[in-house]
Amino acid sequence: MKKFLFQTAALLLAVYLPTAAAQMKVEVIPLQNRPLEQVIPIIQPLVGAGGSVTGMNNQLIVKTTPANLAEIKEVLRNLDTPMRRLMITVRQDVDGNMVRNRSAVDGSYTTGNVSIGTGGPGRGERGAEVSATDADGNTIRWRGVSTQSNRTENNDFRVQTIEGEPAYIQTGQSVPIANQNAYVTGNGVVVQDTVEYHDVTSGFYVIPRLSGNNVTLLVSPNLSRSQPQQGGAFEVQNIETTVQGRLGEWISVGGVNQTYNQGGTSVLDNTRRRGGELRSVLIKVEEIQ
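Residues numbered from 1 in each chain as written. Predicted model: local features only at pLDDT ≥ 70, side-chain atom pairs only at ≥ 80, totals over all residues. Heavy atoms only, no water.

S.K.: Looking at this structure, how should I read the overall build of the protein chain?
M.R.: Secondary structure assignment for the protein chain yields three helices and 14 strands. Partitioning the intrachain contacts of the protein chain with sequence separation of at least 6 by distance along the chain shows that 64% fall at a separation of at least 24. Roughly 18,700 Å² of accessible area belongs to the protein chain as shown, and the carbon and sulfur atoms make up 52% of that amount. (Helix = DSSP H or I, 4+ residues; strand = E, 2+ residues; numbered from the N terminus. Contact = heavy atoms within 4.5 Å. Areas by Shrake-Rupley, 256 points an atom, 1.4 Å probe, with all protein chains shown as cover.)

S.K.: Whenever I open this one, helix 2 (residues 36-43) confuses me. Can you help?
M.R.: Count 3.6 residues to each turn of an α-helix, and residues three or four apart come out pointing the same way. All of the buried residues along helix 2 are Leu-36, Gln-38, Val-39 and Ile-43. End-on, the buried residues of helix 2 take up no more than an arc of 160 degrees, which puts them together on one face. Residues of helix 2 that are exposed and point more than 90 degrees away from the buried face comprise Glu-37 and Pro-41. Contact partners of the buried residues in helix 2: strand 2 (52-56), strand 3 (59-64) and helix 3 (66-79). (Buried < 20%, exposed > 50% of the residue type's maximum accessible area, 1.4 Å probe, protein only. Arc of directions from axis to C-beta.)

S.K.: I tried to follow the environment of Leu-86 on my own but got confused; where do I start?
M.R.: Tracing the sequence through the fold places Leu-86 in strand 4 (residues 85-111). A sequence separation of 199 residues divides Leu-86 from Val-285, and the C-alpha atoms of the two residues are 6.6 Å apart. Those residues in contact with Leu-86 that sit more than four places away from it in its chain are Val-159, Gln-160, Thr-161, Glu-163, Pro-208, Leu-210, Leu-247, Val-285, Glu-286, Glu-287 and Ile-288.

S.K.: Is there a simple way to explain the confidence of the model for the protein chain in this structure?
M.R.: One rule of thumb: low pLDDT means the predicted coordinates there are not for detailed reading. Within the protein chain, residue pLDDT values average 75, and 70% of them lie at 70 or more. Within the protein chain, strand 3 carries the highest mean pLDDT (92), whereas helix 1 (residues 2-23) carries the lowest (51). Contacts from residues 11-17, a stretch scored under 50 in pLDDT, to residues over four places away or in other chains number one contact. (pLDDT = per-residue confidence, 0-100.)

S.K.: Please clarify how the layout of surface pockets should be interpreted in this entry.
M.R.: Where empty space is left becomes clear once a probe the size of a water molecule has been rolled over the atoms. One number sums up the size of the second largest pocket: a volume of about 280 Å³. Lining the second largest pocket, in full, are Arg-34, Gln-38, Val-39, Ile-42, Leu-79, Arg-84, Glu-163, Gly-164, Arg-209, Leu-210, Ser-211 and Gly-212. Residue composition of the lining of the second largest pocket, grouped by class: four nonpolar, four polar and four charged. (1 Å grid on protein atoms, 1.4 Å probe; cavity = no way out; pocket = protein on both sides within 12 Å on 5 of 7 lines; lining within 4 Å. Points joined across faces, edges and corners; volume = space filled by probe spheres on them. Nonpolar A, V, L, I, M, F, W, Y, C, P; charged D, E, K, R; others polar.)

S.K.: Just checking my understanding: could you explain the nonpolar core for this structure?
M.R.: Looking at soluble globular proteins, one finds that nonpolar side chains tend to be buried together. Counting 20 residues, the largest nonpolar core has Ile-88, Phe-204, Val-206, Val-215, Leu-217, Ile-283 and Val-285 as its most contacted members. The residues contacting Leu-217, other than those within four sequence positions of it, are Val-206, Ile-207, Pro-208, Thr-241, Thr-242, Val-243, Ile-251, Ile-283 and Val-285. By size, the runner-up hydrophobic cluster in this structure holds 13 residues, among which are Leu-36, Val-62, Ile-72 and Leu-76. (Core = buried A, V, L, I, M, F, W, Y, C linked by side-chain atoms within 4.5 Å.)

S.K.: Is there a simple way to think about the side chain of Glu-163 in this case?
M.R.: As for its placement among the helices and strands, Glu-163 is situated in the loop between strand 7 (139-162) and strand 8 (167-185). The exposure class of Glu-163 is buried, given its relative accessible area of 7%. In this structure the side chain of Glu-163 is engaged in a polar contact, spanning 3.1 Å, whose partner is the side chain of Arg-34. In this structure Glu-163 touches Arg-34, Gln-38, Pro-82, Met-83, Arg-84, Leu-86, Pro-208 and Leu-210, once residues within four positions along its chain are discounted. (Polar contact = N/O pair within 3.5 Å; in protein donor to acceptor, adjacent residues only side chain to side chain.)

Right under this line is the structure:
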């Protein structure tokens, strides 16, 4: 009985396979607007069992049943459309503030062979001051200094591209950094002064993909700058993410919010600094008609 069932199944399979193969057809479909590397990954899952899709010279080579081929052609009519030109803007903003308060008492007192003096805030600092001097020239002075500074920096970067294609823009400068190298020789240690250049650049890398008026972005913006007042240090900001939004609207990519509160106290001298910095990255994609 088992032998009979096996023979029957083998016979049916032998009849079916030539029939299924006979139903397959091969057609070459030229693409008008889109490159093969964009189209094949989309069409591949749509090909029926036993079929295949390849391509060369910007032409699709599809092997499948007539019914499945008709479905694939319908998808291609909506897919193989002219690629849209885009203007991409990345905005990197920095907003910061700092408040510094300092109060100190200084003066001098002299009598006989004894002299006492204290130092106060550095000269040139402006603020409120109260002082008194007696007939012997002894002086006591209180000084309070308060300063506030605000910092705003806006960086806009723009680049044109077409949907689905990567775009990259970078601008900046090479900053010289002094360096010293020491070498041990037979005559002793030799110190050599050198200058190295460090690239300080800002910009972004992005790949936009559209679906109607919706856009999906793989984006990686970066912002860097030198800080000469901090001994040649560099500030660096990098983000890499995927975001979604609509054409013509600002999309928030991310940001950093930092605050600080520092204080120091010495004899008759008190100093305090507080402030914060907000960094934000926004991106907008607009279609160029």
